[in-house]
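The residues making up each chain are set out below.
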Amino acid sequence: MDAFVKDKMNQSMNDRKQYHSRFLENCSTYNSVLELEKKAFEAGSLSRKHKELMALSISIVTKCEPCIEWHVQQACLTGASDKEIYETIDVALEMGGGPAAYSRFALNALDFYKKQA
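Once a new chain begins, its residue numbering starts again from 1 and follows that chain's sequence as written. pLDDT decides what is reported in this predicted model: residues at 70 or higher carry local features, side-chain atom pairs at 80 or more are listed and counted, and totals for whole chains, interfaces and linings draw on all residues regardless. The basis for every side-chain value is the complete set of non-hydrogen atoms in the structure, without hydrogens or water.

## Some points on the overall build of the protein chain
Our working definition: Put simply, DSSP marks the helices as runs of H or I at least four residues long and the strands as runs of E at least two long, and each gets a number from the N terminus on. Just to be clear, the radius of gyration here is over C-alpha atoms, and the globule rule we use is 2.2 Å times residues to the power 0.38. Burial classes follow relative accessibility: with a 1.4 Å probe on protein chains only, a residue under 20% of its type's maximum area counts as buried, one over 50% as exposed, and anything between as partly exposed. By definition in these notes, contact holds between two residues if any of their heavy atoms fall within 4.5 Å. Methods summary: accessible areas were calculated by the Shrake-Rupley approach with a probe of 1.4 Å, and residue burial reflects only the protein chains presented. When charges are counted, Lys and Arg contribute as positive and Asp and Glu as negative, whereas His and the chain ends are disregarded. The atom standing in for a charge is NZ when the residue is Lys, CZ when it is Arg, CG when it is Asp and CD when it is Glu.
For the protein chain, the count of helices and strands is six helices and zero strands. Sequence-ordered secondary structure for the protein chain, helices as α and strands as β, is α-α-α-α-α-α. Taken over C-alpha atoms, the radius of gyration comes to 14 Å for the protein chain, in line with the 13 Å a tight globule of 117 residues would show. For the protein chain, the C-alpha atoms occupy an extent of roughly 40 × 35 × 30 Å along the three principal directions. Out of the 117 residues in the protein chain, the part that is buried amounts to 31%. In the protein chain, the share of contacts with a sequence separation of at least 24, taken over all contacts with a separation of at least 6, comes to 68%. Summed over its atoms, the accessible surface of the protein chain is roughly 7,400 Å², and 56% of this surface lies on carbon and sulfur atoms. Separation between the mean location of the 15 positive side-chain charges and that of the 16 negative ones in the protein chain comes to 2 Å.

## As for the layout of surface pockets
Which entries qualify depends on this criterion: Here the term cavity refers to a set of points on a 1 Å grid, laid over the protein atoms alone, in which a 1.4 Å probe fits but cannot get out; the term pocket refers to an open set having protein on both sides within 12 Å along at least five of seven lines, with lining residues being those that place an atom within 4 Å of a point. Grid points are joined across faces, edges and corners, and a volume is the space filled by probe spheres set on the points. The residue classification treats Ala, Val, Leu, Ile, Met, Phe, Trp, Tyr, Cys and Pro as nonpolar and Asp, Glu, Lys and Arg as charged. All others, Gly included, are polar.
Considered as a void within the structure, the largest pocket measures approximately 680 Å³ in volume. Among the elements of the structure, α1 (3-26), α2 (30-41), α3 (48-61) and α4 (65-77) are those that each provide at least two residues to the lining of the largest pocket. Ranked by the residues each element gives to the lining of the largest pocket, the list is headed by α1, at eight residues. A breakdown of the residues in the lining of the largest pocket according to their chemical character gives eleven nonpolar, five polar and nine charged.

## With respect to the nonpolar core
Among soluble globular proteins, nonpolar side chains are generally buried collectively. To keep things clear, this is the line we draw: What we call a nonpolar core is a set of buried Ala, Val, Leu, Ile, Met, Phe, Trp, Tyr and Cys residues that are connected through their side-chain atoms within 4.5 Å.
By size, the foremost hydrophobic cluster in this structure holds 20 residues, and its most contacted members are Met9, Leu56, Ile60, Ile68, Val72, Ile85 and Ala106. Among the elements of the structure, α1, α3, α4, α5 (82-96) and α6 (103-116) are those that each provide at least two residues to this core. The element best represented in this core is α6, accounting for six residues. Once residues lying within four places of it in the same chain are set aside, the contact partners of Met9 are Glu69, Phe105, Ala109, Phe112 and Tyr113.

## Side note on the environment of Asp2
Just so we agree on the cut-off: Here a polar contact means two N or O atoms within 3.5 Å. Within protein one must be a hydrogen donor candidate and the other an acceptor candidate, and residues neighboring in sequence count only if both atoms are side-chain atoms.
Mapping Asp2 onto the fold places it in the segment before α1. For Asp2, the side chain forms a polar contact with the main-chain nitrogen of Val5, separated by 2.8 Å.

## As for the environment of Lys6
Mapped onto the elements, Lys6 comes out in helix α1. The sequence separation of Lys6 and Asp111 amounts to 105 residues, and the corresponding C-alpha distance is 9.5 Å.

## Let's talk about the UniProt feature "domain: Carboxymuconolactone decarboxylase-like" (unreviewed entry) in the protein chain
Quick note on the threshold: UniProt positions are given in the numbering used here, feature names are shortened, and annotations may be inferred rather than shown by experiment.
Feature annotation in UniProt places "domain: Carboxymuconolactone decarboxylase-like" (unreviewed entry) on residues 31-103, given in this structure's numbering. Taken end to end, residues 31-103 comprises 74% helix and 0% strand; its first and last C-alpha atoms sit 30 Å apart.

## Comments concerning the packing of α1 against α6
Our working definition: A fitted line through C-alpha atoms represents every axis, and for helices the fit uses only the stretch in contact; the resulting angles, taken between N-to-C directions, go from 0 to 180 degrees. Geometric relationships in this document are graded by angle, where less than 35 degrees denotes roughly parallel, more than 145 denotes roughly antiparallel, 65 to 115 denotes roughly perpendicular, and other angles denote oblique.
For the pair α1 and α6, the least separation of the axes is 10 Å and the interaxial angle reads 85 degrees. Viewed along their axes, α1 and α6 adopt a mutual orientation that is roughly perpendicular. Contacts from Val5, Lys6, Lys8, Met9, Asn10, Met13 and Arg16 in α1 reach Phe105, Asn108, Ala109, Phe112 and Tyr113 in α6. Its residues placed into classes, the contact of α1 with α6 shows seven nonpolar, two polar and three charged.

The following block contains the structure:
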């Protein structure tokens, strides 16, 4: 993995941690968003892993690199295999067409988190 990708991933994680605290201290709706996220991703008829894979696909189609980084990490933490992540990318590519080229960032995130394990 090249230094640019590693730096970008680390910056994304650092930003998330830093801004999380600022949001908690300053934004009146942030706790509600965190509660919504908690409820949306808890296991139900769909497992948390499957919900994370769904969110990854949506993140790719909407071109949100911080979201891609987060949901790849969360998918890995819930036990998603590389094959499941690649199939998720397939769905994003089909649904998003050309703009889903952001799936390259998902591969960078996958490589990054696999080296962390």
